[in-house]
Amino acid sequence: MCGIAGFYQNNRDFLSPEYGGTSPENKWRTRLLNMQHSIKHRGPDDDNILLFSHVGLAHTRLSIRDIDGGKQPMTNSYHGRTATIVYNGEIYNTHELRAKLSSYAMRWSTTSDTEVILKGFLAMGENFFPLLNGIFSFAIYVHNSEELLLVRDPLGVKPLFYQEFGDALVFGSEPKALFAYGITPEADTNCWNEIFALGPARTLGSGGFKHMKEVLPGHYLCYSPARTASRHRCIEKAFWSLEGQPHTDSYSDTIEHVRFLIHDSIERQMVSDIPICSFLSGGLDSSLVSAIAQRNLLAQGSKLHTFSFDFKGNDRNFKANSFQSSLDRPFAQLMAKHIGSQHTFLECDNQTQADYLYKAVDARDFPCMADVESSMLYFCEQVAATNQVALTGECADEIFGGYPWFHRQELWQKNTFPWSWDMEARKSLLCDDFLHSLNMEEYAQHAYDVTLAETPRCEADTKEEARRREIAWLNVRWFMMTLLNRMDRTSMYSGLEARVPFADPRILTYVFNIPWEIKCHHGQTKSLLLEAGKDLLLDSVLYRKKSPYPKTYDPAYEQLLSHRLQEMLHQTNSPLAGIVDPAKLEHFLASPRDYGKPWYGQLMAGPQMLAYLLQVGYWKEHYHIS
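Attention here is on the structure that accompanies the text. (Residues numbered from 1 in each chain as written. Predicted model: local features only at pLDDT ≥ 70, side-chain atom pairs only at ≥ 80, totals over all residues. Heavy atoms only, no water.)

### Regarding the sheet that holds strand β16 (residues 389-391)
Read across the open sheet, the 5 strands follow the order β15-β14-β13-β16-β17; overall the sheet is parallel. With one partner strand each, in any of the chains shown, β15 (342-348) and β17 (497-499) form the two edges of the open sheet. With direction set aside, neighbouring strand axes in the sheet form an average angle of 30°. Pairing between strand β13 (residues 277-279) and strand β14 (residues 305-311): 3 bridges, direction parallel. Note that in β14 the partner of F279 across the bridge is F307. (Pairing = 2+ DSSP bridges. Helix = DSSP H or I, 4+ residues; strand = E, 2+ residues; numbered from the N terminus. Axes fitted to C-alpha atoms, helices over the stretch in contact; angles between N-to-C directions.)

Structure, rendered in structure tokens:
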């Protein structure tokens, strides 16, 4: 896994004498090095840049496969056509693709998936993109035609931001790469609505900042030489899309196919030239991934290293509620013993997760999931001290229907996002003038309506099944993307590659079209996953009620946040001035908080609102947002 960045302008020669030619002092080379340095955390093992007449490409590498041969940027030629690639990701069907390309009489110089992508593109053009099974974002520069292509994987696991700036196109794995080029971070009304009306979610295609965009999942952009002296041409196309189809398999055949897809995806994603670990919470999803991975490693004479996460004091302070009914640790301990993994328990304290709130903003370049993200950043940092590749159970709930809003009729029938349907908590601390300038309800409703209109439909659906399909689509496009962004930034900021076997387009395509009565057979949540894990997991884990990512229940943590937020709000030239109302905050702090009523998802309640506002203030100050 890696970081990529670069810029493109076909009407300017970056190697001309006026810029310094090929000398190290070339100012465009300096810009490229600055961009590379800004994302060095994504690839601490190696880095390189290439500057051509019309494009600059930068790469930082986390060496996982073909450590000696997979260096980038990589250039290759085929039948007189030459192209250079910078690539971030993993392709899990590399061997099949190499076999498919054998008819093109190619010579292979490496065993890397980078070379497979590049040569596949040279042989087949854009028609090669749908054949890729993996997580990826990459840029390919075609020397002959002076075209630049930006490509992102079908589910958007790997990020890719871009912005047209003056007469140039600038891109990178993270917004900070664009800022290192010289773009100034700016916020407009849309930006503030992304933060307060939708956050920590973000509209697909939006980069958050004014003018910044992100390549849509399953899409590619092609920039080609301009028709005029000042502008280039851009074509955007989808190479993959989810489709609504009738489900014709029997119940037993459905179970068998789901079981095959899950096993196949996990086994494919274990490809690595270095050891792999997994996150093991003791829940169904991570336990299934860990059990299958351990079985495969044992067959190779090896053993899986598993990690679980919790917070200091939760053994004393935990209070069960409708969202989180049990602690993870006892179940993780049972599963680790059951599968025979080498297990490590990691804990985060109040001070650390509060301090890492700001570091999480540095990683995401945007306010994010508060301590749900800051603690994950800390845990990834600890895991990265001994491992560089981790398997996770992310995306199973979104695809297989694990969240409460899939099941509770009063939630899935709401005509808005079911994980953040009540806007009052979001508005409760904001200054009236600032609040009135945003029109938060209208902004969120528009985002919801646009997404709903894009739902892949099936004519055979009943009215209820059609609504179930809409809820599944909303989760894939919004909630899943939020968690995938969290997983990418927290892991890659620490030099750790997190893989998500459930985020396989084959799994999503198949399960998306399975009727709810099979997905939730006899009312059993995620019954398909349960059936897939029956021969691998303990009954206590199989039938455990869903429990989300853990959080602290220590009242001292909320007190720490309260103190810090008050301090930030009352400092001279406070970044929250005009945004947070001091009187409203004082009233909020004096009132008891209900840990069981989140304002986003299942975890973000009163304390997380304080943490989120701290992140907003830090972001505004650190990124010099006016």
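### A short note on empty space enclosed by the protein
To find leftover empty space, one rolls a probe the size of a water molecule over the atoms. For the structure on display, the rule yields 10 cavities of 30 Å³ or more. Considered as a void within the structure, the second largest cavity measures approximately 90 Å³ in volume. Lining the second largest cavity are 14 residues, with R202, L204, M481, T482 and N485 positioned closest to its centre. When residues in the lining of the second largest cavity are grouped by element, the largest group, 5 residues, is from helix α18 (residues 463-492). Tallied by class, the residues present in the lining of the second largest cavity amount to 5 nonpolar, 4 polar and 5 charged. (1 Å grid on protein atoms, 1.4 Å probe; cavity = no way out; pocket = protein on both sides within 12 Å on 5 of 7 lines; lining within 4 Å. Points joined across faces, edges and corners; volume = space filled by probe spheres on them. Nonpolar A, V, L, I, M, F, W, Y, C, P; charged D, E, K, R; others polar.)

### Considering the side chain of S286
Within the element layout of this structure, S286 appears in helix α7 (residues 284-299). Residue class for S286 comes out buried when judged on its relative accessible area of 8%. Within polar-contact distance, the side chain of S286 engages the backbone nitrogen of S281 at 2.9 Å. Not counting residues within four places of it along the chain, the set of residues in contact with S286 comprises F279, L280, S281 and G393. (Buried < 20%, exposed > 50% of the residue type's maximum accessible area, 1.4 Å probe, protein only. Polar contact = N/O pair within 3.5 Å; in protein donor to acceptor, adjacent residues only side chain to side chain. Contact = heavy atoms within 4.5 Å.)

### A few points about the pattern of salt bridges
Tallied over the full model, the rule gives 35 salt bridges. Notably, a salt bridge pairs D328 with R544, separated by 2.7 Å at the nearest N-O pair. Of this pair, D328 sits in the loop between α8 (314-317) and α9 (329-339) while R544 sits in the loop between α22 (539-542) and α23 (555-570), and the two are 216 residues apart along the sequence. Taking relative accessible area as the criterion, R544 reaches 13% and is therefore assigned buried. Here R506 makes a salt bridge to D504, at a shortest N to O gap of 2.9 Å. (Salt bridge = Lys/Arg side-chain N within 4 Å of Asp/Glu carboxyl O.)

### Considerations on the nonpolar core
General note: in soluble globular proteins, nonpolar side chains tend to be found buried as a group. Core analysis: the largest hydrophobic core is formed by 167 residues, its most contacted members being W192, F196, I262, F400 and W619. Broken down by element, this core gets its largest block of residues, 12 residues, from α18. Those residues in contact with W619 that sit more than four places away from it in its chain are A187, C191, W192, I195, F209, V361, D365, F366, P367, H624 and I625. Judged by nonpolar contacts, the second largest core, of 27 residues, contains A83, I85, Y87 and C222. (Core = buried A, V, L, I, M, F, W, Y, C linked by side-chain atoms within 4.5 Å.)

### Topic: the layout of surface pockets
One number sums up the size of the largest pocket: a volume of about 990 Å³. Considering the residues around the largest pocket, the lining is formed by 47 residues, among which D397, K546, S547, P548 and Y549 are closest to the centre. Only α7, β14, α11 (370-384), α12 (396-400), α13 (404-407) and α18 provide two or more residues apiece to the lining of the largest pocket.

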